[in-house]
Amino acid sequence: MRLEGRRPGALQRSGRWPGAAWYVTYQRRCFAALNPALTGTRSLFIAARILIARRLGPMKIGVIGLGYVGLPLAIAFAESGHDVVGLDADPRRVQSLRSGESYVEDISSERLAAAAERVEASGDYADLSGCDAVLICVPTPLTSAREPDLTYLVDAATSIAAVLEKGQLVVLESTTYPGTTRERLLPILEESGLAVGSDFHLAFSPERIDPGRTDYTIRTTPKIVGGLTDDCAARAVAVYGEICDEVVTVLGPEAAELAKLLENIFRSVNIALVNELAMLCHRLEIDVWEVVDAAATKPFGFMRFDPGPGMGGHCLPVDPFYLAFKAREQDFYTEFIELAGKVNQNQPRFCVDRIGEALNDVRKAVNGSKIMLLGVSYKPGVGDTRESPALKIARLARERGAEVSYHDPHVPELGAIGLSSIDLGEGLKSCDLACVVTAHPEIDYEQVVAEAPLVLDFRGVTRGIEATNLVRL
Ligand SMILES: NC(=O)c1ccc[n+]([C@@H]2O[C@H](COP(=O)([O-])OP(=O)(O)OC[C@H]3O[C@@H](n4cnc5c(N)ncnc54)[C@H](O)[C@@H]3O)[C@@H](O)[C@H]2O)c1
């Protein structure tokens, strides 16, 4: 069951008696947030705890790790009238925020400035003193052996334990395998001498942000919460109810941890499926985009996923392996995950083979050809290049002797391949082949097809354009 209802502020603005409005809204939220699996008495108990946990007046929220996840979260609390202490281990980020400069595209410097009065950027964990809740949003990458790297989380937890105060709620938002909150985070926090459930509260609540997306926001995306105890869950529901219209509870942190992984694995597996289909379609000489477009006309039982040059970003190429690791501990092999990872990781190599074929068709070799990549970030509309397939394509094309350049309105410099973005018009005229790697909406693809000698579209953005110099995945 979901927590629903409007913000108390919205009712107050409608001119009704604010006290009554708050009571009605909040009571509805409390009961709706309860997991249907809970028995009646326990439901009532938790609903009562949520009401008690809800503090009147502004809270002080600590956010650890001010990146793509932490900064928007910090701003959301500030915009809802709460004071925020934002902590980051990177002094450049702290300095940047103090001088009012945002480095996360979803948060404009104007929005940052508007929230500045309530947000204190810091590098000192002692500033968490007096916080009602501390939300952990640090990276959870993979080691070189493709195993979970919890170093950032352990460092953050150790620093929090040193300053943890009675009555504080700690929530882990970083994506991780089931068991992390209970087995890894809790023991470190209890080194403080405080006990979970009585002295402090602990929960897991995965971040579902999708950078660059504007149709769903932190407020309109339901938030999942799994607490170590019922009180922990109630505290977390009360806190997130301040910034989210819906909070969904599950019976413990493990279910919340796994729910987040399921969301990402679902995408990874389906993307792998259409990528494999794209390879087959190439052999069968069938246009994969036409197939996907046609299948997507079914109004039920089908969800559209598009093929492309491979998966990027911090989540999809990484998170499934968190679950695969946990499964191996149980002597269980997650074959869908491994297979999807294999197909998706191979996709840039398939794309470079396609580059070779496209050049071959115009009697050119990859060796010595000028290849321009259009878009190098991992997704449209953002400048994040982490795990971007463009990096692998650039490296593989260079290994085959190509001269690689790129144009990306969101990525002026790309240190990973030692290049800077070049002018679109000049690049198109001087290259042998332009490859659409990221479908940035700012790029005029008709212009691309009109001006480049040869275009290879890995994203299907040129559908509808007919030209002899155009090839699609
Ligand atoms: N980026 C996304 O779209 C997204 C979406 C959902 C979930 N997530 C998950 O959220 C988590 C954070 O991802 P992100 O993209 O925001 O990462 P990020 O790299 O953008 O930001 C993380 C920040 O944490 C800071 N940090 C690292 N260790 C620290 C420490 N000990 N103390 C204080 N600060 C520290 C870093 O300096 C950095 O600024 C990851 O687990 C990720 O999987 C990310």
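Just above sits the structure.
The following refers to the structure shown. (Residues numbered from 1 in each chain as written. Predicted model: local features only at pLDDT ≥ 70, side-chain atom pairs only at ≥ 80, totals over all residues.)

### A closer look at the overall build of the chain
Inference 1: In terms of helices and strands, the chain carries 16 helices and 15 strands.
Inference 2: Looking at the chain as a whole, 46% of its 473 residues are labelled buried.
Inference 3: Within the chain, contacts between residues at least 6 apart in sequence are counted, and of these 68% link residues at least 24 apart. (Helix = DSSP H or I, 4+ residues; strand = E, 2+ residues; numbered from the N terminus. Buried ≥ 20, exposed ≤ 12 C-beta atoms within 10 Å, placed from the backbone. Contact = placed C-beta atoms within 7 Å.)

### Here we look at the packing of helix α10 (residues 253–284) against helix α13 (residues 335–361)
Packed helices, taken two at a time, are described by their axes: the angle between them and the distance between them.
Inference 1: Relative to each other, α10 and α13 sit at 50 degrees, their axes nearing to 8 Å. In terms of orientation, α10 lies oblique with respect to α13. The two elements α10 and α13 cross, and the hand of that crossing is left-handed. Within the contact between the two elements, α10 uses Ile-265, Ser-268, Val-269, Ile-271, Ala-272, Asn-275, Glu-276 and Met-279 and α13 uses Phe-336, Ile-337, Leu-339, Ala-340, Val-343, Asn-344, Gln-347 and Phe-350. (Axes fitted to C-alpha atoms, helices over the stretch in contact; angles between N-to-C directions. Parallel < 35°, antiparallel > 145°, perpendicular 65-115°, else oblique. Left-handed = near helix turned anticlockwise from the far one by under 90°.)

### Remarks on the site of the ligand
Inference 1: In the vicinity of the ligand there are 26 residues, among which Gly-65, Gly-67, Tyr-68, Val-69 and Ser-174 approach most closely.
Inference 2: By residue number, the principal contributor to the shell around the ligand is helix α7 (residues 151–163), which donates three residues.
Inference 3: Across the shell around the ligand, the residue classes break down as 14 nonpolar, seven polar and five charged. (Near = placed C-beta within 6 Å. Nonpolar A, V, L, I, M, F, W, Y, C, P; charged D, E, K, R; others polar.)

### Observations concerning the sheet that holds strand β15 (residues 470–472)
Each strand in a sheet pairs with its neighbour through backbone hydrogen bonds, running either in the same direction (parallel) or in the opposite one (antiparallel).
Inference 1: Strands sit in the order β10-β9-β13-β14-β15 across an open sheet of five strands; the sheet is parallel. The sheet is open, and its two edges are formed by β10 (403–407) and β15, each paired on a single side. Strand-to-strand twist across the sheet, computed as the mean angle between neighbouring axes with direction ignored, equals 20 degrees.
Inference 2: Across three bridges, strand β13 (residues 433–436) lies against strand β14 (residues 455–457) in parallel orientation. The residue bridging Cys-435 from the neighbouring strand is Leu-456, located in β14. (Pairing = 2+ DSSP bridges.)

### A few points about the nonpolar core
Inference 1: If you look at the biggest cluster of nonpolar residues, it comprises 66 residues, and the most contacted ones within it are Val-63, Ala-74, Leu-135, Ile-136, Val-171 and Ala-236.
Inference 2: When residues in this core are grouped by element, the largest group, eight residues, is from helix α9 (residues 230–240).
Inference 3: In this structure Ile-136 touches Ile-64, Gly-65, Leu-153, Ala-156, Val-171, Leu-172, Glu-173 and Ser-174, once residues within four positions along its chain are discounted.
Inference 4: Counting residues in each nonpolar core, the second largest holds 44 residues, with Cys-351, Leu-359, Val-366 and Leu-454 among its members. (Core = buried A, V, L, I, M, F, W, Y, C linked by C-beta atoms within 7 Å.)

### Looking at the sheet that holds strand β8 (residues 247–250)
Inference 1: An order of β3-β2-β1-β4-β5-β6-β7-β8 is seen for the eight strands of this open sheet, with the pairing classed as mixed. Where the open sheet ends on each side, the last strands, each with one partner, are β3 (119–122) and β8. This sheet shows a mean twist of 25 degrees between the axes of neighbouring strands, independent of strand direction.
Inference 2: Relative to strand β7 (residues 223–227), strand β6 (residues 201–204) runs antiparallel, the two sharing two bridges. Across the sheet, Ala-203 pairs through a bridge with Gly-227, a residue of β7.

### Here we look at the pairing of β10
Inference 1: Within β10, four of the five residues are buried, leaving the element largely enclosed by the surrounding structure.
Inference 2: The sheet contact formed by strand β9 (residues 370–374) and β10 spans five bridges and is parallel. Residue pairing across strands places Leu-374 opposite His-407, the latter belonging to β10.
Inference 3: At this point the chain moves from β9, through helix α14 (residues 389–399), to the parallel β10, and the crossover so formed is right-handed. (Right-handed = clockwise from strand over helix to strand, strands pointing away.)

### Quick notes on the pairing of β8
Inference 1: With burial as the criterion, each face of β8 is covered, one bearing Val-247 and Thr-249 and the other bearing Val-248 and Val-250.
Inference 2: Sheet analysis places β7 next to β8, joined by four bridges and oriented parallel. The partner of Ile-224 across the bridge, within β8, is Val-248.

### Re α9
Inference 1: Where burial is concerned, most of α9 is hidden: ten out of the eleven residues are buried.
Inference 2: Among the residues making up α9, those that are buried are Asp-231, Cys-232, Ala-233, Ala-234, Arg-235, Ala-236, Val-237, Ala-238, Val-239 and Tyr-240.

### Observations regarding the packing of α10 against helix α12 (residues 319–329)
Inference 1: Interhelical geometry of α10 versus α12 gives an angle of 115 degrees and a closest axis separation of 8 Å. Here α10 lies roughly perpendicular to α12, going by the angle between them. Crossing geometry of α10 relative to α12 is assigned as left-handed. Across the interface between the two elements, Leu-261, Asn-264, Ile-265 and Ser-268 from α10 touch Asp-319, Pro-320, Tyr-322 and Leu-323 from α12.

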